[in-house]
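Spelled out from the first residue to the last, the chains are:
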Amino acid sequence: MDEHGNDSDGTTVTFGFRTPRKRRFEQTGFLLYGKVVAAARRPWLFAACGVPDTLDGRFDAIALFAALLIRRLRHAPPPGPELAQALFDAMFSDMDLNLRELGVGDLSVGKKVRAMWEAFHGRALAYEAALDAGDEAALTAALCRNVWRGSPAPGAAALARLVQATDASLERQSLESF
């Protein structure tokens, strides 16, 4: 066991109880997810940028801000990658719960959550590629394709600039500030 209570078998020992390391950052993951949801629910995102105020639009807003924070955490030193995974886990735990609250049957919840995971993953990859390349046009196109399902979107360029600014801001922040 090391000085942090971590055992060599991938568990954390607290008060004599073993906890899987995966759950070590579970609470922090939910706190970070709460911040993502708060950012994604800002009214100006829907009013000024024109993000559709629908279930799909809200999912896209949450997915966008989660992708940005996960991107930042993944590239940070430890425990950044573990926090990124905890945020991801919290997000899809919440998606599962919300689907159930909306009345989706137990037998189809897993399939729907998987589809949401795949949609999130595709969006995150597209946004990250555009951000890595510094390509605002590619980012705007990815946002149009995902947030507005390919429809004309007058607010897409403004949203792309917001995404770039948010990404730059996150990059300047320390892990402790999250």
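To start, this report covers the structure provided alongside it. Here the structure is a predicted model, which means the values were calculated and not measured.

**What to know about the pattern of salt bridges**
Two side chains that carry opposite charge are able to pair once their charged atoms sit near each other. For the structure on display, the rule yields 12 salt bridges. Taking the shortest distance from any N to any O, the salt bridge between Asp167 and Arg71 comes out at 2.8 Å. Highlighted residues: Asp167 in helix α7 (residues 156–172) and Arg71 in helix α3 (residues 55–74), separated in sequence by 96 residues. The network of salt bridges with shared partners includes Arg71, Arg74, Glu128, Asp132 and Asp167.

**What to know about the packing of aromatic side chains**
Think of a pair of aromatic rings as described by two things: how far the centres are apart, and how the planes are tilted against each other in angle. With the rule as written, the count across this model stands at four aromatic pairs. Each ring, one from Phe88 and one from Phe92, has its centre 4.8 Å from the other, and the planes form 45°; the classification is tilted. Taken together, the residues span about one helical turn, with Phe88 and Phe92 both in helix α4 (residues 80–101) at a distance of four residues. As far as burial versus exposure is concerned, Phe88 and Phe92 are alike and both buried. Pairing Phe88 with Phe120 gives two aromatic rings, centres 6.0 Å apart and planes at 50°, and the pair type is tilted. Placement of the pair is Phe88 in helix α4 and Phe120 in helix α5 (residues 106–133), with a sequence separation of 32 residues. When its relative accessible area of 18% is taken as the criterion, Phe88 is described as buried. Residue class for Phe120 comes out buried when judged on its relative accessible area of 6%.

**Focus: the layout of surface pockets**
Empty space within the largest pocket amounts to approximately 440 Å³. Residue lining of the largest pocket: 18 residues in total, with Leu55, Phe59, Met95, Asn98 and Met116 positioned closest to the centre. Here the residues of the lining of the largest pocket sort into 10 nonpolar, one polar and seven charged.

**Brief notes about the environment of Asp53**
Position of Asp53 relative to the elements: it lies in the loop between α2 (43–47) and α3. Under the relative-accessibility criterion, Asp53 is labelled exposed at 51%. Measuring from C-alpha to C-alpha, the distance between Asp53 and Pro43 comes to 9.4 Å, with 10 residues separating the pair along the chain. Once residues lying within four places of it in the same chain are set aside, the contact partners of Asp53 are Phe46 and Arg58. A distance of 2.8 Å separates the side chain of Asp53 from the side chain of Arg58, its partner in a polar contact.

Conventions used here
- Residues numbered from 1 in each chain as written.
- Predicted model: local features only at pLDDT ≥ 70, side-chain atom pairs only at ≥ 80, totals over all residues.
- Heavy atoms only, no water.
- Salt bridge = Lys/Arg side-chain N within 4 Å of Asp/Glu carboxyl O.
- Helix = DSSP H or I, 4+ residues; strand = E, 2+ residues; numbered from the N terminus.
- Phe/Tyr/Trp six-rings, centres within 6.5 Å; stacked < 30°, edge-to-face > 60°.
- Buried < 20%, exposed > 50% of the residue type's maximum accessible area, 1.4 Å probe, protein only.
- 1 Å grid on protein atoms, 1.4 Å probe; cavity = no way out; pocket = protein on both sides within 12 Å on 5 of 7 lines; lining within 4 Å.
- Points joined across faces, edges and corners; volume = space filled by probe spheres on them.
- Nonpolar A, V, L, I, M, F, W, Y, C, P; charged D, E, K, R; others polar.
- Contact = heavy atoms within 4.5 Å.
- Polar contact = N/O pair within 3.5 Å; in protein donor to acceptor, adjacent residues only side chain to side chain.

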